[in-house]
Amino acid sequence: MLRQFHKMHGLGNDFVILDARAEPLEITEGLARHIADRRDGVGCDQLILLEPSTLADLRMRIFNADGSEVQSCGNATRCVISLTGAATIETAGGLLEGATHGDEVEVTLIEPRFDWDAIPLAYPMPTNPMPMGWENLDRPQAINVGNPHLVFFVEDLDDIDIEGLGPGIETDPVFPERINVNVASIEGGAIRLRTFERGAGLTRACGTGACATAIAAIRARLVTSPVTVHMAGGSLAISWVPGQPVRMRGAATHVFKGMIDL
Ligand SMILES: N[C@H](CCC[C@H](N)C(=O)O)C(=O)O
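Calculation criteria
- Chains are numbered independently. Their residues run from 1 in the order of the written sequence.
- Given that the model is predicted, a residue must reach a pLDDT of at least 70 before its local features are reported, and side-chain atom pairs must reach 80 or more before they are shown or counted; all residues, however, enter totals for whole chains, interfaces and linings.
- Working from all heavy atoms in the structure, the side-chain values ignore hydrogens and water.
- UniProt positions are given in the numbering used here, feature names are shortened, and annotations may be inferred rather than shown by experiment.
- Note on ring pairs: Phe, Tyr and Trp rings are taken, using the six-membered ring of Trp, and paired if centres are within 6.5 Å. Classes follow the plane angle, with under 30 degrees stacked, over 60 edge-to-face and the rest tilted.
- Secondary structure elements are taken from DSSP: a helix is a run of H or I of four residues or more, a strand is a run of E of two residues or more, and numbering for both begins at the N terminus.
- Throughout this description, the term charge over a ring refers to an Arg CZ or Lys NZ atom that lies within 6 Å of the ring centre and within 35 degrees of the ring normal.
- Accessible area is worked out with a 1.4 Å probe on protein chains only. A residue is then buried under 20% of its type maximum, exposed over 50%, and partly exposed in between.
- Boundary definitions for the domains trace back to an automatic or database domain assignment.
- Contacts between residues were defined by any pair of non-hydrogen atoms, one from each residue, lying within 4.5 Å.
- Two parts placed together each lose some accessible area; with a 1.4 Å probe, that loss summed over both constitutes the buried area.
- Whenever a carboxyl oxygen of Asp or Glu lies within 4 Å of a side-chain nitrogen of Lys or Arg, that contact is scored as a salt bridge.
- We define a polar contact as two N or O atoms separated by no more than 3.5 Å, with the added condition that, inside protein, one atom must be a possible hydrogen donor and the other a possible acceptor, whereas residues neighbouring each other in sequence contribute only through side-chain atom pairs.
- Charged means Asp, Glu, Lys or Arg here, nonpolar means Ala, Val, Leu, Ile, Met, Phe, Trp, Tyr, Cys or Pro, and polar covers whatever is left, Gly included.
- Two kinds of site are reported from a 1 Å grid over the protein atoms alone, namely cavities, where a 1.4 Å probe fits but cannot get out, and pockets, open sets with protein on both sides within 12 Å along at least five of seven lines, and residues are called lining when an atom falls within 4 Å of a point.
- Grid points are joined across faces, edges and corners, and a volume is the space filled by probe spheres set on the points.
- The arc in question is formed by the directions pointing from the helix axis toward the C-beta atoms.

The protein chain is annotated in an unreviewed UniProt entry as Diaminopimelate epimerase from Sphingomonas humi. Within the UniProt record for the protein chain, the comment given under Subcellular location (unreviewed entry) is "Cytoplasm". Quoted verbatim from the Sequence similarities (unreviewed entry) field of the UniProt record, the comment on the protein chain reads "Belongs to the diaminopimelate epimerase family."

Trainee: For this particular structure, what's the right way to read the packing of aromatic side chains?
Mentor: Aromatic ring pairs: the centre-centre distance and the angle between the two ring planes describe each pair. The full count for this structure, using the stated rule, is 4 aromatic pairs. Plain terms: the ring middles of Phe114 and Trp240 are 6.4 Å apart, the flat faces sit at 65° to each other, and that makes the pair edge-to-face. With Phe114 in the loop between strand S8 (104-108) and strand S9 (133-134) and Trp240 in the loop between strand S17 (234-239) and strand S18 (247-251), this residue pair connects regions lying 126 residues apart in the sequence. Taken together, the ring pairs in this structure connect Trp134, Phe152 and Phe175 into an aromatic cluster. Over the face of the ring belonging to Phe114 we find Arg219, whose NZ or CZ atom lies 3.6 Å from the ring centre.

Trainee: What should I look at first to understand the environment of Asp159 in this one?
Mentor: Looking at where Asp159 falls in the secondary structure, it is placed in the loop between strand S12 (148-153) and helix H3 (162-170). For Asp159, a relative accessible area of 56% corresponds to the exposed category. Separated by 81 residues in sequence, Asp159 and Arg78 have C-alpha atoms that sit 32 Å apart.

Trainee: When you look at the domain arrangement of the protein chain in this model, what are you seeing that I'm missing?
Mentor: Interface size is commonly expressed as the accessible area that is lost once the parts come together. Segmentation of the protein chain into domains returns domain 1 (2-109 + 251-261) and domain 2 (116-243). Between domain 1 and domain 2, the contact holds 19 residues from the first and 22 residues from the second. Of the roughly 1,300 Å² buried where domain 1 meets domain 2, counting both sides, 49% is carbon and sulfur surface. When the area that domain 1 buries against domain 2 is broken down by residue, the three leading residues are Leu11, Gln71 and Leu109, summing to 36%. Our enumeration of links across domain 1 and domain 2 arrives at 1 salt bridge. Its salt-bridge partner being Arg178, residue Asp66 comes within 3.0 Å of it at the nearest N-O pair. Remark: the boundary between domain 1 and domain 2 carries 10 residue pairs in polar contact (both at pLDDT 80 or more). Considering each element in turn, the side of domain 1 that touches domain 2 owes the most residues, 3 residues, to helix H2 (residues 74-84). The residue makeup of the side of domain 1 that touches domain 2, split by class, is 5 nonpolar, 11 polar and 3 charged.

Trainee: Any chance you could explain the UniProt feature "binding site: substrate" (unreviewed entry) in the protein chain here in plain terms?
Mentor: UniProt's feature table lists "binding site: substrate" (unreviewed entry) at Asn13, Gln46, Asn64, Gly74, Asn75, Asn147, Asn180, Glu197, Arg198, Gly207 and Thr208, given in the numbering used throughout. Checking the named residues against the largest cavity, the ones that line it are Asn13, Gln46, Asn64, Gly74, Asn147, Asn180, Glu197, Arg198, Gly207 and Thr208. Within the secondary structure, Gln46 is located in strand S3 (residues 46-51). What makes Gln46 buried here is its relative accessible area of 1%. The residues contacting Gln46, other than those within four sequence positions of it, are Asn13, Asp14, Phe15, Val16, Ile62, Phe63, Asn64, Cys73, Glu197 and Ala200. A polar contact is formed between the side chain of Gln46 and the side chain of Asn13, at a distance of 3.2 Å.

Trainee: So what exactly am I meant to see when it comes to empty space enclosed by the protein here?
Mentor: Picture a little ball the size of a water molecule; that probe, rolled over the atoms, points out where space is still empty. All told, the structure shown has 1 cavity of 30 Å³ or more when counted by the stated rule. Along its surface, the largest cavity is lined by 15 residues, and Gln46, Ser72, Asn147, Asn180 and Glu197 are the ones closest to its centre. For the lining of the largest cavity, the secondary structure elements donating two or more residues are strand S4 (58-64) and helix H4 (207-219). Residue classes in the lining of the largest cavity are distributed as 4 nonpolar, 9 polar and 2 charged.

Trainee: Help me understand H3 in this model?
Mentor: Since the α-helix turns once every 3.6 residues, residues separated by three or four places project in the same direction. Of all the residues in H3, the buried ones are Ile162, Leu165, Gly166, Ile169 and Glu170. For H3, the buried positions fall inside an angular range of 125° around the axis, keeping them on one side. Considering only its buried residues, H3 is in contact with S9, strand S10 (137-138), S12, strand S13 (180-187), strand S14 (190-197) and strand S15 (201-203).

See below:
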């Protein structure tokens, strides 16, 4: 069965978006992996499935390149708002709101959660920072912004082998749902970030990673809100004050429309 898809990206973090609001579509882990495959499929970091919602303008489901279905995706949320004009989006990570401002999209995610069992961690432990380390990365903050993130601050990003360290941290048993790994440095009041994503590996940008890292930096008084987060694919403006939802603003790019035989 031929289905139309949209190829989009948020600062180089790329997506295949299937709109199943009019005609239902079942996505298995294997089908998500196939579509995401950059040789045998269309190729993307995450597959995004749009469905009807009784709570919001639409429901957005997120499948990582490894096929795992997860709760939230900041960059894809901006793309879906830009593509559909939706103002509210239901996700497994919470109800999100957004609006387009010129060629940028602003999204209000959820109020972040910090308790060990909200990340989740496998057992009670402080999360700010966690009393743990992996080689030359230690004492990270663990934050849930709809999906789980670990944030390390380092002096020099270029000293860190994030592709070598990422998989072992992502799958450490202390994280029963695995975790997204963010490594950041503070430069001139802004943040430079690289993210090894759960289920997708090193991506050119991570929206929820930028939110979690900005929150961690504000909590540690390393920066003040709003803060710019620079990533390989571009920059996001993040705003957050304790007790409030986190907000991000940045670009969303439509690349092409295609057909796929499912
Ligand atoms: N890898 C993430 C999902 C995609 C998040 C990222 N692409 C974003 O823009 O937030 C996870 O497993 O929670």
